[in-house]
Amino acid sequence: NSKVIQTPRYLVKGQGQKAKMRCIPEKGHPVVFWYQQNKNNEFKFLINFQNQEVLQQIDMTEKRFSAECPSNSPCSLEIQSSEAGDSALYLCASLRDNYEQYFGPGTRLTVL
Amino acid sequence: GDSVTQTEGLVTLTKGLPVMLNCTYQTTYSPFLFWYVQHLNEAPKLLLKSSTDNKRTEHQGFYATLHKSSSSFHLQKSSVQLSDSALYFCALSDFTGGLSGKLTFGEGTQVTVIS
């Protein structure tokens, strides 16, 4: 069973507000991923880190999203100015060295 | 880029019957495929994985075989239970391409098992 911890489970923001969510990956898992799952259950990869360094990110993430994975602190994903289209389930996953990704329960963001 | 296709969006079947969920993929790398199951309001959980051609992999009564010749990794179960009602996702990793291992997911199949 996955031990990836995500907080908060639910987040409600107004348009233009900042939205920040956190993830504690499983101990010993070197790579952390963020995905967005929309209301149609479609997954979109956002960004990933290895040892605090960004490995890959999509354009959307570069513009309005900021993310970090500092050592000895939870990883975080922050939307600088929330839009209605950002309403989704944000999933954090950590990667074992055998290719397997383990997901947390997600933060469900609702932008009013 | 990589892509994964699941042709069934919604599958409804009676308890005890067999099920097969289709998954095909496109990639320029050596494929590494996964099936994840997501119950309502829960995290996606890894069900099966494979990178070996023509070898069946099994877990919790589910099984799948990666066929590189047809770019497929269909999920099957001989006899579904009510507890199998969930969303099922097929996913492809880019790890074998020397990249970071991000997953490309299919559209998902909602399975509903009725008694």
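For the structure given in this document, a descriptive report is provided here. Just so it is clear, the structure is predicted and the values come from calculations on it, not from any experiment.

**Overview of the environment of Leu21(B)**
Residues and elements named next belong to chain B. Residue position: Leu-21 is located in strand E3 (residues 19-21). Residue class for Leu-21 comes out buried when judged on its relative accessible area of 2%. Sequence separation between Leu-21 and Leu-75 is 54 residues; the distance between their C-alpha atoms is 5.0 Å. Those residues within four positions of Leu-21 in sequence are excluded, and the remaining contacts are Glu-8, Val-11, Trp-35, His-74, Leu-75, Tyr-88, Thr-109 and Val-111.

**Details of the environment of Leu17(B)**
All names here are of chain B. As for its placement among the helices and strands, Leu-17 is situated in the loop between strand E2 (10-14) and E3. In this structure Leu-17 comes out as partly exposed when scored by relative accessible area, which is 42%. On a C-alpha basis, the gap between Leu-17 and Val-80 in space is 5.8 Å, while along the polypeptide they are 63 residues apart. Non-local contacts of Leu-17, meaning those with residues more than four positions away in its chain, are made with Ser-78, Ser-79 and Val-80.

**Section: the sheet that holds E3(B)**
All names here are of chain B. With respect to topology, four strands assemble into an open sheet ordered E3-E9-E8-E7, the strand pairing being antiparallel. Two strands in the sheet have a free side with no partner beyond their single neighbour: E3 and strand E7 (56-59). Here the average twist between neighbouring strands, direction ignored, is 20 degrees.

**Re the state of the cysteines**
Throughout this description, disulfide means a covalent bond between two cysteine sulfur atoms. Residues and elements named next belong to chain A. Scanning the model with the defined rule gives three disulfides over all chains in all. Disulfide pairing places Cys-23 opposite Cys-92 at an S-S distance of 1.9 Å. In this structure the cystine formed by Cys-23 and Cys-92 twists about its S-S bond by roughly -65 degrees; its chirality is therefore left-handed. Here Cys-23 is found in strand E3 (residues 19-24), whereas its partner Cys-92 is found in strand E9 (residues 88-95), with 69 residues between them in sequence. Assigned by exposure class, Cys-23 and Cys-92 land together as buried. The partner cysteine of Cys-69 in its disulfide is Cys-75, sulfur to sulfur 1.9 Å. Here the S-S torsion is close to 100 degrees, and the disulfide linking Cys-69 with Cys-75 is therefore right-handed. A relative accessible area of 4% places Cys-75 in the buried class. Ordinal numbering of bonded cysteines along chain A defines a disulfide pattern of 1-4, 2-3.

**Some thoughts on the interface of chain A and chain B**
The interface is formed by 22 residues belonging to chain A together with 20 residues belonging to chain B. Carbon and sulfur atoms supply 62% of the area buried between chain A and chain B, which totals about 1,800 Å² over both sides. Of all residues in chain A, the largest losses of buried area upon contact with chain B belong to Phe43(A), Tyr99(A) and Phe103(A), amounting jointly to 34% of the total for that side. Among the salt bridges present, the one from Lys49(B) reaches Glu100(A), with a minimum N-O distance of 2.4 Å. Linking chain A to chain B there are five residue pairs in polar contact (both at pLDDT 80 or more). Only strand E4 (31-37), strand E5 (43-50), strand E6 (53-57), E9 and strand E10 (101-103) of chain A provide two or more residues apiece to the side of chain A that touches chain B. Here the side of chain A that touches chain B gets four residues from one element, more than from any other, and that element is E4(A).

**Quick look at the sheet that holds strand E1 (residues 5-7) of chain A**
Residues and elements named next belong to chain A. Pairing is antiparallel across the open sheet formed by four strands, whose spatial order is E1-E3-E8-E7. Unpaired on one side and paired on the other, E1 and strand E7 (65-68) mark the two borders of the sheet. Between one strand axis and the next, the sheet turns through 15 degrees on average, direction left out of account. Of the pairings in the sheet, the one linking E3 to strand E8 (residues 75-79) comprises five bridges and is antiparallel in character. Bridge pairing in E8 places Ala-19 opposite Ile-79.

Conventions and cut-offs
- Residues numbered from 1 in each chain as written.
- Chains lettered and ligands numbered in written order.
- Predicted model: local features only at pLDDT ≥ 70, side-chain atom pairs only at ≥ 80, totals over all residues.
- Heavy atoms only, no water.
- Helix = DSSP H or I, 4+ residues; strand = E, 2+ residues; numbered from the N terminus.
- Buried < 20%, exposed > 50% of the residue type's maximum accessible area, 1.4 Å probe, protein only.
- Contact = heavy atoms within 4.5 Å.
- Pairing = 2+ DSSP bridges.
- Axes fitted to C-alpha atoms, helices over the stretch in contact; angles between N-to-C directions.
- Disulfide = S-S within 2.5 Å.
- Buried area = accessible area lost by both parts, 1.4 Å probe.
- Salt bridge = Lys/Arg side-chain N within 4 Å of Asp/Glu carboxyl O.
- Polar contact = N/O pair within 3.5 Å; in protein donor to acceptor, adjacent residues only side chain to side chain.

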